[in-house]
Amino acid sequence: MPLRKIHAVGAAAAFALLAAALPTPASAAPSGGLVINEVFGGGGNSGATLTHDFIELANRSTAPIDLSGWSVQYHSRSGTGSWQLTQLTGTLAPGAYYLVQEAKGTGGTQPLPTPDATGTIPMSGTDGTVALVHGTTALTCTDATCGGEASIVDLLGYGTATIREGQPIPGASSTQSVQRTTAADSDDNSADFTAATPTPKASNGGDTPGPACPATPGALKIRDVQGNGWISPQNGKTVTDVPGIVTAVRGSGTRGFWIQDPAPDADPATSEAVLVFLGSQGDLSVKPGDAVMVSGKVSDYYPVPSGETFPNVSSLSTTEITNPTVKVCSSGNALPAAEVIAPTTLPGVYAPTSPTGNVESLVTVDPARSVLDFWESREGMLVEVDDARVIGAGNQYGEIYITAKPGEYATPRGGTVNLGYDKTPTGRIVVQPVSGSVPRVDVGSVLNGATSGPVDYSLFGGYGIAATTVGSAAPSNLVRESATPQAADQLAVATYNVENLSPKDPASKFTELAAGVVEHLASPDVVVLEEIQDNNGSTNDGVVDASQTLDKFVAAITAAGGPAYEWRQINPENGRDGGQPGGNIRVAFLFNPARVSFVDRAGGDSTTAVSVAADADGTAALSASPGRVDPANEAWQSSRKPLAGEFRFQGQKVIVVANHFNSKGGDQNADGRYQPPNRSSEIQRVKQATVLNAFLKDVLAVDARANIVVAGDINDYQYSPALATLTSNGEILTDLINTLPENERYSYVYNGLSQVLDHILISKPLSSFEYDVVHINAEFAFQTSDHDPQVVRLRPDKTPYCTQTLTGDHVGALKVTSGVLCIKGGRQIGALTIAPGAALIVDGGQLIGSVKSTGAAWFQVCGSKVTGSVSVSGSAGPVLLGGGNCAPNTITGSVSLSGNTGGVTVGGNAFTGALTCSGNNPPPTNGGAANRVTGVFAGQCSGL
């Protein structure tokens, strides 16, 4: 079957339809007075015959009408902007037409008949609003119906117009005008008008009756066209006079209308409705309620996802009747009742399992087996969801996502979270109104009442509703979150995908992103940025430098009251890192020099790999800072290279790696025929994770206690193979998203599913952290970026590195005059003295003899046995005897702790002897673990 590019429309596209047995309603009397009779905005457009746009009025009264002081006015499809007007003159006789010529296009061959008034308004050929106004002042109303404007005598919205009476009339094009029917005016444009070949200053084409329907419909009903499988048994064949009731029409996109059999059979696998596809030029003059007979060629149409080619597409098909001849048999018929979709209606399994991997090989559809089966069995049929919660905000593409199962995987903020490849939510439904516009409301809003229309299929969410009715939107009042500011001793590191930021963006985007950093992220100390473009954005001219982009962003942050951030980055090779052509997106660091310092080390460039060696203090040092991780590795082909940077915070070294892994482009449609879908892009991300994992292991091999933060847009889920590879199954990195409750694990909303693409991961020594995903974008209809940022507040481990280590026995007095003595499992037998400025760390050891420390930089004894007196005084650094992460000790002998100023923690120990504390500032604590003392608690240690 060939892939549809353009559906040709047969020459015999005369509309008049169904069986003679269907009732024919009586015609109502025409409206009286002056009305808008016909509007054409396609004049001079490609494919048009007429050279000018026009507006035609008709006098339906029995008396002449003086048009002095009248005007016709035009507004674009949106609810913003201003009205344009053309004044009228003269008198219009009863039953006559008044032609207003508007702007001329660049095409067309036929001029209009002599106009009665001339204007210059360039009207849209497909979408807009025309008002007939008893006045010559431009209107100012922009609400849906311009309510309250007494000067408006008639109003017509066509295409996807925001301003209209009732619903706008679809079908306007370069070859189709919208024309008033002979029926009484109902104040619903979709009912009062039809689309047909333009007829300036002549009877409307829609008034001419079409060919009569045959007495008996054709041999096939809609159910025979659809069949009980995934593909029509009539695919590629021509069918004749298939009867049905028009349930909905769509004037743009997949342009056409749906018909449904009002008398269904008992087979649950066969749909009773089908889409009649017209293409861009077909005559769309049918209306809901028309009984029709349709002849044409049956086609199973597969929409083609980006990167795929037919026939190797992963989407499911929609059965259509194409190149149609349509006969209208009667009008005003009742529509088949819509099936109400309740929480218990849909199966609990999303997709069926097929031995071939292609669900189409499951010959018979079983609507009880899976959600995909269920919707396939109802393709094109009218369905209804009541009081639906919004789980994907209304967007500029005319999509909004709802759930029929409000309790399924619900997030605290009203969304639906995706927690696994085998846990796709089954209640998610994409709504694409036939009008082309949706309420721009946020996640958690409710569409009160009925949202209904035919079942349709989309590349962006699978099966959904081509809605003719959308429930009344009750906004969620969702609040954009703000992070807790970091404490003085906390290092705050954030990640934020700023979505192709360049100086070409409006100032408002910089302002809003800056507010996100300052107000919502609380001015982190380090910000990892993704999708920073070069200085001229998408202009593809070899420019790679991004200094202007970053300077402009920093200036916006400062203007918003944030820090005077500095930045570091490495320019990529031109066109080598993927993303928008010409943009040269890259990752970058912002840092607040008042809180954290960046270790600049020369040598980093676009092609040089950063390496790791031991620094003088035993910590890991980067060969270049900033430096790129293995940039020549084929894993990074057409993708961003990780950027490693060395930071110092309050004396502690922290290595931050910024990332933006390759996108999911090329994966098979998750809502398509191949189940499970092939995630081909995952192969490269696993390679990337492998390369980065090796670099991180190099760092940890030098310093097992290295403070590492890996942040950015990994473009994959927390349960994916890429994240398992990157973290060594959680052994070397903690993926912080997994520390949140399951229903809060998301940073991105796509096709109505709340999911994870962005991550902050930390090495195991960074055990003290507070982490937030800060929801300010993804759930909202109006976004600065499509990603939510996230931030972690860390307290890096300040435990000093050992300069001497004792693992066996040492017998005799021992004095530590400088550096750090570590006793790990060893025994000191004899007096132990710690001089001013030196440090002692004992972990699982044994001290036999007196211990005296005066002015030590650090004193720590954990999980050890001490026999002898202990005196610690004047220490400027921490004094730790058990408590918190320090294991409790067994101490036999008197203990005196006095005049220490770096904090004293004494917790969980078993003391035999006196425990005396005095003059410590701050006073000692037990870290939440009470001590057991056989002896005396004295001074500040009383009660510990």
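Conventions and cut-offs
- Residues numbered from 1 in each chain as written.
- Predicted model: local features only at pLDDT ≥ 70, side-chain atom pairs only at ≥ 80, totals over all residues.
- Heavy atoms only, no water.
- Disulfide = S-S within 2.5 Å.
- Helix = DSSP H or I, 4+ residues; strand = E, 2+ residues; numbered from the N terminus.
- Buried < 20%, exposed > 50% of the residue type's maximum accessible area, 1.4 Å probe, protein only.
- Salt bridge = Lys/Arg side-chain N within 4 Å of Asp/Glu carboxyl O.
- Pairing = 2+ DSSP bridges.

As recorded by an unreviewed UniProt entry, the protein carries the name Endonuclease and is attributed to Actinorhabdospora filicis.

Turning to the state of the cysteines, a few remarks are in order. Tallied over the entire structure, the rule returns 5 disulfides. In this model Cys213 forms its disulfide with Cys329; the gap between the sulfur atoms is 2.0 Å. As the torsion about the S-S bond is roughly -100 degrees, the Cys213-Cys329 disulfide counts as left-handed. Highlighted residues: Cys213 in the loop between strand 12 (193-196) and helix 2 (222-226) and Cys329 in strand 17 (residues 318-330), separated in sequence by 116 residues. Pair check on accessibility: Cys213 and Cys329 agree, each one buried. There is a disulfide in this structure between Cys917 and Cys941, and the S-S distance comes to 1.4 Å. One quick way to see it: the torsion about the S-S bond of Cys917 and Cys941 is about -45 degrees, and its sign makes the bridge left-handed. One end of the pair, Cys917, is in strand 59 (residues 915-918); the other, Cys941, is in the segment after strand 61 (937-939), and 24 residues separate them in sequence. Residue classification places Cys917 among the buried residues on the basis of a relative accessible area of 2%.

The next subject is the pattern of salt bridges. One pass over the full model with this rule turns up 34 salt bridges. Residue Arg685 pairs with Asp716 through a salt bridge whose shortest N-O separation is 2.8 Å. With Arg685 in helix 6 (residues 682-702) and Asp716 in the loop between strand 35 (707-713) and helix 7 (721-726), this pair connects stretches of sequence that are 31 residues apart. Its relative accessible area of 0% is what places Arg685 among the buried residues. Where salt bridges share partners, they join Arg223, Asp261, Asp265 and Glu272 into one cluster.

On to the sheet that holds strand 1 (residues 34-40). Strand order across the open sheet formed by 6 strands is 8-7-2-1-11-12, with mixed pairing between neighbours. Looking at strand neighbours, the two that pair on one side only are strand 8 (117-118) and strand 12, the edges of this open sheet. Pairing geometry for strand 1 and strand 2 (residues 52-59), over 6 bridges, is antiparallel. By the bridge assignment, Phe40 is partnered in strand 2 with Phe54.

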